[in-house]
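Results of the structural survey
Read off the chains here:
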Amino acid sequence: MRRGAGRVDAATPDHRDRAVDALRALAILGVVLGHWLVTALVADGRTLHTASPLQHLPRLAPVSWLFQTLAVFFLVGGHVATRSYASARARGVPYRPWLHGRLARLFGPVAAVLTLWTAVTTVLLLSGAEYATVRTLVKLALSPLWFLLVFAALTAATPLLTRLNPLWPLAVVLHVDLLRFGLGAPGGLGWVNLAAGWLVPYTLGAAWTRGELERRRSGLLLLLGGTAATAVLVARAGYPAAMVGVPGAEVSNLNPPTLAAVTFGLAQCGLALLLRERLRGAMRRPVAWAAVALLNLSAMTVFLWHQTALMATTATGLLAGRLPGLHTVPDDLGWVAARLAWLPVLAGALAVCWAAFRSREQDGGGRGRRSRVVRAHRPPSDRGSAKGVRHV
């Protein structure tokens, strides 16, 4: 393992900012672990329905602060996309080929997810499964796609966003929430924030590319300002403390994003910026860097299949009856302890999905475009030992 990690380390160009990849990996892991910890599929007779420990144990809301890391992903995405677009323009690459290359890596694994779940849905309905159960499973399995659609739209708009000040989309979110919660405007207006809310960290990523966030003061301002604003909104303005959706709650901070979710995202982005130097140091360790590089090669595969891994484990476990932490109501700390014990099993199920479908991402969905993290050229003694691994 150390020899393999050493080859990956040696193949990484010196100019690559490994902190960017580390932040992306942490964001993906946060989303996966967050979903696994707050999503319960409760068996009730022949029906499965979703529940959350945050429904019954609201004091656990701070857990959602650790694992709701989408803002960091959009921060990194905005930084990488704007940097990539600037590089493409410098090399004379037109917009359409550039965009095709970016979206191919995003949507390459999607076809496999849709194909599998179309087949599963058909089999379940034909076998007489409860419609409510099928709907629950399909909704969970395909829920990651909303993220890809938003991210793809922002990627496509990158040329228009390279100079956009993050204060503009932040102002939109503020006014939408004032209209919704202060003046009684229709709740549907909140879906404007689906774009505006994630534009804030994405355009912060563009500001990072422009060199405007290099000073430590920038990260501190975002962290402290975002934390203070979020605390006021939760304590004084009635926003939910949980930064994820909670079944049955009147207001969700995430669906669509609220001002509290956006200010919380600002705090997360500030922390991410402050951690860059530490992460760069940590990523100089070959084993740590190899793990991060491997996850980045399959980031979309892991993201798209982690809910399927949860449901596959839940369905298989039903053969042994209602198992604590897997099929039971998440209404006490015993459920939390049991779910923590299930995490290695869920990770194993995800590893099976990864082994089966990672090629869809690494070959750009069958188009011959390989996902790339490190450069193919190596010291002469290592030639031929790390094929297919390239520099983005």
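Quick caveat: nothing in here was measured; it's all calculated off a predicted structure.

Right, let's talk about the nonpolar core for a bit. Grouped together as the largest cluster of nonpolar side chains are 82 residues, with contacts concentrated most on Trp-36, Phe-74, Phe-147, Leu-148, Leu-154, Trp-198 and Leu-304. It is helix H2 (residues 18-38) that contributes the most residues to this core, 11 residues altogether. Beyond its immediate sequence surroundings of up to four residues, Leu-304 is in contact with Pro-109, Val-110, Val-113, Ala-141, Pro-144, Leu-145 and Leu-148. Among the nonpolar cores identified, the runner-up in size contains 5 residues, and Leu-54, Ala-61, Ala-242 and Val-244 belong to it.

This part takes up the pairing of strand S1 (residues 40-44). Looking along a regular strand, one sees the side chains alternate between the two faces of the sheet. Of all 5 residues in S1, 4 are buried, a share of seventy percent or more. As paired elements, S1 and strand S2 (residues 47-51) share 5 bridges and run antiparallel to each other. Across the sheet, Ala-43 pairs through a bridge with Leu-48, a residue of S2. What sits between the antiparallel neighbours S1 and S2 is a turn of 2 residues, in which Gly-45 has the positive phi angle 70°.

Take helix H14 (residues 259-274) next. Given 3.6 residues per turn, any residue in an α-helix points the same way as the ones three and four places further on. For H14, with 16 residues, the first-to-last C-alpha span of 23 Å sits near the 22 Å given by 1.5 Å per residue. With 15 of its 16 residues buried, H14 lies for the most part within the structure.

What follows covers the pattern of salt bridges. Applying the stated rule across the entire model yields 8 salt bridges. Two residues, Glu-212 and Arg-210, come together in a salt bridge whose shortest N-O distance is 2.8 Å. Accessibility expressed as a relative area gives 23% for Arg-210, which makes it partly exposed. By sharing partners, the salt bridges in this structure join Arg-16, Asp-21 and Arg-24 into a single network.

This part is about the environment of Arg-83. Residue placement: Arg-83 occurs in helix H5 (residues 70-90). Distance in space between the C-alpha atoms of Arg-83 and Ala-27 is 19 Å, their sequence separation being 56 residues. Aside from chain neighbours lying at most four places away, what touches Arg-83 is Asp-17 and Thr-209.

Our focus in this paragraph is the packing of helix H7 (residues 110-126) against helix H17 (residues 299-317). One can describe the packing of H7 onto H17 by two numbers: an axis separation of 10 Å at closest approach and a directional angle of 30°. By the criterion of interaxial angle, the relationship of H7 to H17 is roughly parallel. Pair H7 / H17 crosses with left-handed handedness. Taking contact as the criterion, the partners of Val-110, Ala-112, Val-113, Leu-116 and Trp-117 in H7 are, on H17, Leu-304, Trp-305, Thr-308 and Met-311.

This part covers the confidence of the model for the protein. Across the protein, pLDDT averages 90, with 92% of residues at or above 70. No element of the protein has a lower mean pLDDT than helix H1 (residues 2-11), at 86, and none a higher one than H14, at 98. Residue range residues 376-392 is modelled with pLDDT below 50. Its contacts to residues more than four positions away, or to other chains, number 29 contacts.

Centre-to-centre distance and the angle between the planes together describe a pair of aromatic rings. Scanning the model with the defined rule gives 14 aromatic pairs in all. Centroid distance Tyr-95 to Trp-98: 6.1 Å. Interplanar angle 35°. Geometry classified as tilted. Of this pair, Tyr-95 and Trp-98 both sit in helix H6 (residues 95-107), 3 residues apart, roughly one helical turn. Residue Tyr-95 is classed as partly exposed on the basis of its relative accessible area, which comes to 31%. A network of ring pairs unites the aromatic residues Phe-73, Phe-74, Trp-146, Phe-147, Phe-151, Trp-198, Tyr-202 and Phe-303 as a single cluster. Positioned above the aromatic ring of Trp-354, the side-chain terminus of Arg-358 is 4.6 Å from the ring centre.

Basis of the calculations
Residues numbered from 1 in each chain as written. Predicted model: local features only at pLDDT ≥ 70, side-chain atom pairs only at ≥ 80, totals over all residues. Heavy atoms only, no water. Core = buried A, V, L, I, M, F, W, Y, C linked by side-chain atoms within 4.5 Å. Buried < 20%, exposed > 50% of the residue type's maximum accessible area, 1.4 Å probe, protein only. Helix = DSSP H or I, 4+ residues; strand = E, 2+ residues; numbered from the N terminus. Contact = heavy atoms within 4.5 Å. Pairing = 2+ DSSP bridges. Expected span 1.5 Å × (residues − 1). Salt bridge = Lys/Arg side-chain N within 4 Å of Asp/Glu carboxyl O. Axes fitted to C-alpha atoms, helices over the stretch in contact; angles between N-to-C directions. Parallel < 35°, antiparallel > 145°, perpendicular 65-115°, else oblique. Left-handed = near helix turned anticlockwise from the far one by under 90°. pLDDT = per-residue confidence, 0-100. Phe/Tyr/Trp six-rings, centres within 6.5 Å; stacked < 30°, edge-to-face > 60°. Lys NZ or Arg CZ within 6 Å of the ring centre and 35° of its normal.

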